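Chain residues, written in single-letter form:
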Amino acid sequence: MGHSRFALPSRSAKWSRLQPTCHSKLINYQTTGPADSCWLEPVMTDSVLQATLNVTEASQRDWDVLVIGAGPSGAIAARQCAQGGGKVLLVNDQKLPRDKVCGCCLNGAALEALNRIGLNKLVSDCHAPILENFVLASGQQQVALPLGAGVSLSRQRLDLELTQAAIDAGAQFLDETRATLHASEKQHCSVMLNHSQSEYATRARITIIASGLGRRVFSNRLADERRTNRNSRIGAGAVLSEVRSDFKPKTIYMACHRSGYVGCVRLEDGRLDLAAALDANAVKQAGGIGPLASIITNSAGLPASDAVAAANWRGTAKLTQSRATVYGDRLFVVGDAAGYVEPFTGEGMAWAIASGIAVAPLALQSLKVGTTETGPTWAKSRTRLLGGRMWKCRLISQLLRRPKLVKAAAWGLSHAPGLSRPFIRSLNRPFPELRS
Ligand SMILES: Cc1cc2nc3c(=O)[nH]c(=O)nc-3n(C[C@H](O)[C@H](O)[C@H](O)COP(=O)(O)OP(=O)(O)OC[C@H]3O[C@@H](n4cnc5c(N)ncnc54)[C@H](O)[C@@H]3O)c2cc1C
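Residues numbered from 1 in each chain as written. Predicted model: local features only at pLDDT ≥ 70, side-chain atom pairs only at ≥ 80, totals over all residues. Heavy atoms only, no water.

A cluster of nonpolar side chains, contributed by Trp-391, Leu-395, Leu-399 and Leu-405, occupies part of the molecular surface with about 400 Å² of accessible area. At 3 residues, the largest contribution of residues to the nonpolar patch is made by helix 11 (residues 371-399). Among the secondary structure elements, Leu-395 is positioned in helix 11. (Patch = residues over 30% accessible without salt bridge, like charges linked within 9 Å, V, L, I, M, F, W, Y side chains within 5 Å. Areas by Shrake-Rupley, 256 points an atom, 1.4 Å probe, with all protein chains shown as cover. Salt bridge = Lys/Arg side-chain N within 4 Å of Asp/Glu carboxyl O. Helix = DSSP H or I, 4+ residues; strand = E, 2+ residues; numbered from the N terminus.)

With that settled, the discussion passes to the nonpolar core. Formed by 57 residues in total, the largest nonpolar core has its most connected members in Leu-106, Phe-344 and Phe-431. Shared between two domains, this core holds at least three residues of each, these being domain 2 (50-99 + 155-228 + 320-394) and domain 3 (105-153 + 233-318 + 402-436). Here Phe-344 is in contact with Phe-134, Leu-136, Met-254, Cys-256, Tyr-261, Ile-396 and Leu-400, once residues within four sequence places are set aside. Counting 51 residues, the second-largest nonpolar core is a separate cluster that includes Val-88, Leu-89, Ile-209 and Val-326. (Core = buried A, V, L, I, M, F, W, Y, C linked by side-chain atoms within 4.5 Å. Buried < 20%, exposed > 50% of the residue type's maximum accessible area, 1.4 Å probe, protein only. Domains from an automatic or database assignment. Contact = heavy atoms within 4.5 Å.)

Now for the site of the ligand. In the region of the ligand, 40 residues are neighbours, and Asp-93, Gly-103, Arg-155, Asp-336 and Met-349 sit closest. Within the contact set of the ligand, an oxygen atom lies 2.9 Å away from a side-chain nitrogen or oxygen of Arg-98. Out of a free accessible area of 1000 Å², the ligand has 97% covered by protein chains. Those elements giving two or more residues to the shell around the ligand turn out to be helix 3 (72-83), strand 11 (178-184), strand 19 (272-278) and helix 10 (348-369). (Near = heavy atom within 4 Å. Polar contact = N/O pair within 3.5 Å; in protein donor to acceptor, adjacent residues only side chain to side chain.)

As summarised here, the arrangement of the 7 strands in space is 8-7-17-18-19-15-20, forming an open sheet in which the pairing is mixed. Two strands close off the open sheet at either side, each with one partner strand: strand 8 (141-146) and strand 20 (314-318). Neighbouring strand axes in the sheet, compared pairwise and without regard to direction, differ in orientation by 15° on average. Relative to strand 18 (residues 260-266), strand 17 (residues 251-257) is paired through 6 bridges, and the arrangement is antiparallel. Paired with Ile-252 across the two strands is Val-265, which belongs to strand 18. Packed on one face of the sheet, helix 12 (residues 403-415) meets strand 7 (133-138), strand 8 and strand 17 and runs near 55° to strand 8. (Pairing = 2+ DSSP bridges. Axes fitted to C-alpha atoms, helices over the stretch in contact; angles between N-to-C directions.)

On to the confidence of the model for the protein chain. Of the residues in the protein chain, 89% have a pLDDT of 70 or more, and the chain-wide mean is 86. Predicted confidence is poor over residues 1-45, with pLDDT under 50, and the contacts of this stretch with residues over four places away or in other chains come to 98 contacts. (pLDDT = per-residue confidence, 0-100.)

Secondary-structure assignment places Ala-363 in helix 10. Exposure remark for Ala-363: the relative accessible area of 0% places this residue in the buried category. For Ala-363 and Ile-206, which are 157 residues apart along the polypeptide, the C-alpha to C-alpha distance reads 6.8 Å. In this view, Ala-363 contacts Cys-81, Ile-206, Ile-208 and Phe-332; residues no more than four positions away in its chain are not counted.

A few words now on the environment of Glu-57. Note that Glu-57 resides in helix 2 (residues 55-60). Judged by relative accessible area, which is 35%, Glu-57 ranks as partly exposed. Sequence-wise, Glu-57 and Leu-174 are 117 residues apart; in three dimensions their C-alpha atoms are separated by 9.8 Å.

Let us now look at the pairing of strand 8. As paired strands, strand 7 and strand 8 are joined by 6 bridges and run antiparallel to one another. By the bridge assignment, Phe-134 is partnered in strand 8 with Leu-145. Where strand 7 hands over to strand 8, the hairpin turn is made up of 2 residues, of which Gly-139 adopts a positive phi near 50°.

Attention now goes to the packing of helix 11 against helix 13 (residues 421-428). In the contact formed by helix 11 and helix 13, the axes pass within 11 Å of each other and the chain directions differ by 135°. What the angle tells us is that helix 11 and helix 13 run oblique. Between helix 11 and helix 13 lies a crossing whose hand is left-handed. Contacts between helix 11 and helix 13 involve Arg-389, Lys-392 and Ile-396 from the former and Phe-423, Ser-426 and Leu-427 from the latter. Here the residues of the contact of helix 11 with helix 13 sort into 3 nonpolar, 1 polar and 2 charged. (Parallel < 35°, antiparallel > 145°, perpendicular 65-115°, else oblique. Left-handed = near helix turned anticlockwise from the far one by under 90°. Nonpolar A, V, L, I, M, F, W, Y, C, P; charged D, E, K, R; others polar.)

Next comes the structure, spelled out in structure tokens:
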């Protein structure tokens, strides 16, 4: 991998130098500088993932399986289908690497699922820090709880590596292309590939929709309808490249407040990932995501609230959503596209990885028998795989809306940290359903 390194004299020089030149590069950061803060020095790498074909080539072939979206669920579904012998096209609307609003913590269940399909080395090769502690902070009450498992890894890096794994298994990868599902016909689905404002039609015998939270993929608006929880919070994320050393590595900091919660964790390159679930009305009242996130971190006694306020935040749609059905004629829906719950427990990627693994054999089987039976089987398997975990996560997101309860829990856990162990163990519990 090519390396060119910048030694940067000052902060302003750093940004004026970086912004125009590095738009298509993955930037890694090295920690240097004074003891009370970590100044992260960018190191440029040539890690843009190249598409394996262009849109004209993609439109001229018939595909066994077309996967829409190269997040964890889509990249893994594509890899598993390609490994099973399918002719697979994985389409993503952006170039990789790209940022994604996420807390970037892979829990024990996610790691075990990756291990199950032989991708455990992917995480260690990225030098993802192993998480040791979870600091729950609410109203100046802080408690540090030991974490049994898990790592933090930037989404730039994780999604790029998973997509590379799909390519290595034989999948073709097309980037900067938006896929729209037009119709399912007797033998195939018609998919429109939109690239540089031009449209190209292609066909696939099976389509897997892995397009993430709240994204439109059907040309027919009705088919895209989702149930959104009216009281659901919105998601938000940012990454800070200058990090105060108060934020220890290998530690998740979670600041809780009646208007939402903000999680902070150091990534493999030293930067600080910020991820939040926020009450949409409170965001308006506070004057934006940054100001509200700063109120929350400040109220919980976490440092750097000025940097949090000034960070370059990105928001998401309402977080708690579900689809009426997760299959259709010649199609399967996986990952966040199928349904998501607020992220306090940091499980979304584990769910996405597990569903990418579980859907692949059904997609391959459907090449022979269609989706009349495999579709309903997918709906049942997904409920078995994720139903209980999502239910627990939903319950916690409701409890978190009661600040007195959170404060009491933080106080109780500070006196008896061992009480958290069964709960943390249950989050890290591997998916037994993936064994068969
Ligand atoms: C605030 C917040 C914090 C979170 N923290 C954590 C955490 O710490 N740990 C954890 O495990 N999970 C966390 N999650 C959840 C996690 O981010 C998601 O569950 C996970 O990314 C879902 O993966 P996915 O593959 O389904 O979708 P995504 O990761 O969203 O990937 C979808 C991909 O599809 C592409 N796409 C969309 N539409 C199209 C189209 N029409 N054509 C082509 N490409 C398309 C998108 O650009 C994207 O690349 C968090 C989520 C939020 C919002």
